[in-house]
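Residues per chain are reported as follows:
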Amino acid sequence: MPGLISAVRRFNRANISEDVWDALRDRDNVARANVILPHAEKVSSHQELLPGSEQLWLVYSEPATSDIRYILSCTEGPLGKYPLFIVPIAPIELTPELLQGPMEAFCEALLNEADFERQRVFSVFSVEPVSQAFASAWEKITEIKRIDAPYYDALFSICTPETLVRNGPQSRDEEIELRLAVPAGCLIRFLQLCQEFANTSPPYFLTPEQASEEASLLIENGQVWVYEIKEGGGEPDIASIVAATRQSDTAAAITKVYTPDRWQRSGRAERLVRRVCRELLKTHEQVVLYVGTKNPARKLYHRVGFQDLHEEAPGAEHWLEIGFDGAEVGHW
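Residues numbered from 1 in each chain as written. Predicted model: local features only at pLDDT ≥ 70, side-chain atom pairs only at ≥ 80, totals over all residues. Heavy atoms only, no water.

Colleague: Quick question: what am I supposed to make of the overall build of the chain here?
Modeller: Helix and strand counts for the chain stand at 9 helices and 13 strands. Its C-alpha atoms give the chain principal-axis dimensions of about 70 × 40 × 40 Å. When burial is assessed residue by residue, the chain has 52% of its 332 residues classed as buried. Residue pairs at least 24 apart in sequence account for 72% of intrachain contacts in the chain once pairs closer than 6 positions are excluded. Considering the chain, the positive charge centre built from 33 side chains and the negative charge centre built from 49 side chains are found 6 Å apart. (Helix = DSSP H or I, 4+ residues; strand = E, 2+ residues; numbered from the N terminus. Buried < 20%, exposed > 50% of the residue type's maximum accessible area, 1.4 Å probe, protein only. Contact = heavy atoms within 4.5 Å. Lys, Arg positive; Asp, Glu negative; His and termini not counted. Charge placed at Lys NZ, Arg CZ, Asp CG, Glu CD.)

Colleague: Would you mind going over helix α5 (residues 128-142) with me for this structure?
Modeller: Because an α-helix completes one turn every 3.6 residues, residues spaced three or four positions apart along the sequence face the same direction. A rise of 1.5 Å per residue sets the reference length of α5, with its 15 residues, at 21 Å; its end C-alpha atoms lie 21 Å apart and thus fit the reference within 8%. For α5, every residue scored as buried is listed here: V130, S131, A133, F134, A135, A137, W138, E139 and T142. Summarising the contacts, the buried residues of α5 are in contact with β3 (68-77), β5 (84-88), α4 (96-111), β6 (123-127) and β13 (317-323). E143, located one to two residues past α5, shows a positive phi value of around 65°. (Expected span 1.5 Å × (residues − 1).)

Colleague: Help me understand the pairing of β13 in this model?
Modeller: Here is the key point about a regular strand: its side chains alternate between the two faces of the sheet. Within β13, 6 of the 7 residues are buried, leaving the element largely enclosed by the surrounding structure. Summarising the sheet, β6 and β13 pair through 5 bridges and their orientation is antiparallel. When the sheet's bridge partners are listed, S123 is paired in β13 with G323. With 5 bridges connecting them, strand β7 (residues 152-159) and β13 associate as antiparallel partners. Within β13, the position partnered with L155 by the bridge is H318. (Pairing = 2+ DSSP bridges.)

Colleague: Sorry if this is basic, but what is going on with the pairing of β7 here?
Modeller: For β7 and strand β12 (residues 286-292), the ladder comprises 6 bridges, and the chain directions are antiparallel. Bridge assignment links S157 to a residue of β12, and that residue is L289.

Colleague: Mind showing me how you'd approach the nonpolar core here?
Modeller: In summary, soluble globular proteins display a tendency toward joint burial of nonpolar side chains. If you look at the biggest cluster of nonpolar residues, it comprises 60 residues, and the most contacted ones within it are M103, F106, L110 and F134. Of all the elements, α4 adds the most residues to this core, at 7 residues. Those residues in contact with L110 that lie beyond four places of it in its chain are L56, L58, L72, C74, L84, F116, F134 and W138. Counting residues in hydrophobic clusters, the runner-up holds 29 residues, among them C159, L164, A244 and V304. (Core = buried A, V, L, I, M, F, W, Y, C linked by side-chain atoms within 4.5 Å.)

Colleague: I would appreciate a short explanation of the pattern of salt bridges in the present structure.
Modeller: Opposite charge on two side chains lets them pair, provided their charged atoms get close. Scanning the model with the defined rule gives 23 salt bridges in all. Notably, a salt bridge pairs D237 with R189, separated by 3.0 Å at the nearest N-O pair. Taken together, the residues span a long stretch of sequence, with D237 in strand β10 (residues 237-245) and R189 in helix α6 (residues 183-199) at a distance of 48 residues. Under the relative-accessibility criterion, D237 is labelled buried at 16%. (Salt bridge = Lys/Arg side-chain N within 4 Å of Asp/Glu carboxyl O.)

Colleague: What exactly am I supposed to notice about the packing of helix α2 (residues 18-25) against helix α3 (residues 37-45) here?
Modeller: Interhelical geometry of α2 versus α3 gives an angle of 140° and a closest axis separation of 10 Å. The pairing of α2 with α3 is recorded here as oblique in orientation. With respect to the hand of their crossing, α2 and α3 are arranged in left-handed fashion. Across the interface between the two elements, W21, L24 and R25 of α2 pack against L37, A40, E41 and S44 of α3. In terms of residue class, the contact of α2 with α3 is made up of 4 nonpolar, 1 polar and 2 charged. (Axes fitted to C-alpha atoms, helices over the stretch in contact; angles between N-to-C directions. Parallel < 35°, antiparallel > 145°, perpendicular 65-115°, else oblique. Left-handed = near helix turned anticlockwise from the far one by under 90°. Nonpolar A, V, L, I, M, F, W, Y, C, P; charged D, E, K, R; others polar.)

Colleague: How do you make sense of the state of the cysteines when you look at a structure like this?
Modeller: Covalent bonding between the sulfur atoms of two cysteines defines a disulfide. Counting across every chain of the model gives 0 disulfides. Free cysteine C107: the closest other cysteine sulfur is in C74, separated by 12 Å. Relative accessible area serves as the criterion here: at 0%, C107 is assigned to the buried category. In this structure C159 is a free cysteine whose sulfur lies 4.8 Å from that of C277, the closest cysteine sulfur available. (Disulfide = S-S within 2.5 Å.)

Colleague: Would you mind going over helix α9 (residues 297-304) with me for this structure?
Modeller: Every buried residue belonging to α9 is among A297, L300, Y301 and V304, and all of these are buried. All buried residues of α9 fall inside an arc of 95° around its axis, so they share one side. On the buried face of α9, the contacting elements are β7, β11 (251-258), α8 (268-280) and β12. Where α9 ends, the next residue or the one after it, G305, has phi of about 130°, a positive value. (Arc of directions from axis to C-beta.)

Right, dumping it as structure tokens:
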């Protein structure tokens, strides 16, 4: 084990090395790295953000070489601690035999951190073989059991200018506007939708206060789009929302796609997702998302132009978030 631990380098927001940035920004990695790269860029370039927060990256390189194989983030955002994210660096073979050593090295490196508490590891999210290997290593070394049902069982998908289906069915709504949310007229309704969305995403429930803080941050940062609808001379309502978060130079993620029951099954979410993707692809090379394997919205995303959304598709990439007993969950 000492040899494997020595293959792990530790970085904070002030000293991430160029080879790590290069690996994360590499064309073959940048989509997968979306769970790590945008946050790392933000807190590294703005040292004043989130003072006193936990910002740690561990990098595993092939022993006796400089070849980076995996990057782990143990970081914190404005609303709480993130899961551990692990990005495998291409090209790499993700077999259990090859994963065991690196994941055990990550576990030991975390436990060797000053003042690190085991309960900090409330979940891990990565490509399914990596998540499984880390969970096995964490159980073995700490004797902390994984939670049987995964927190998130998802497919990873990418939309590019070449795959984007730019036009879809026309709206039958009387009066609509698809736009970035602004505080005036949006905040109260949007925070309600944030809380409703969280209620569909266990274990990441939000209190009203947390929903208010999240809504304010997303609107303030220009990261949320709304489908505003007005019918029969009534007051405007928000029929669907899409958050566009985790943006680096070449890739952006869409998250928090949600339509209240009242406005479902009329293509509104599809129209808003398509509009947001059109806008994002003006300045980015690709838009990425995760969608639950049992989520019927996979069909919606496929119609917009996201690829490999069937588990049997040759390019399908399965990601898994595994939780651990006895830990208080954070937020993402």
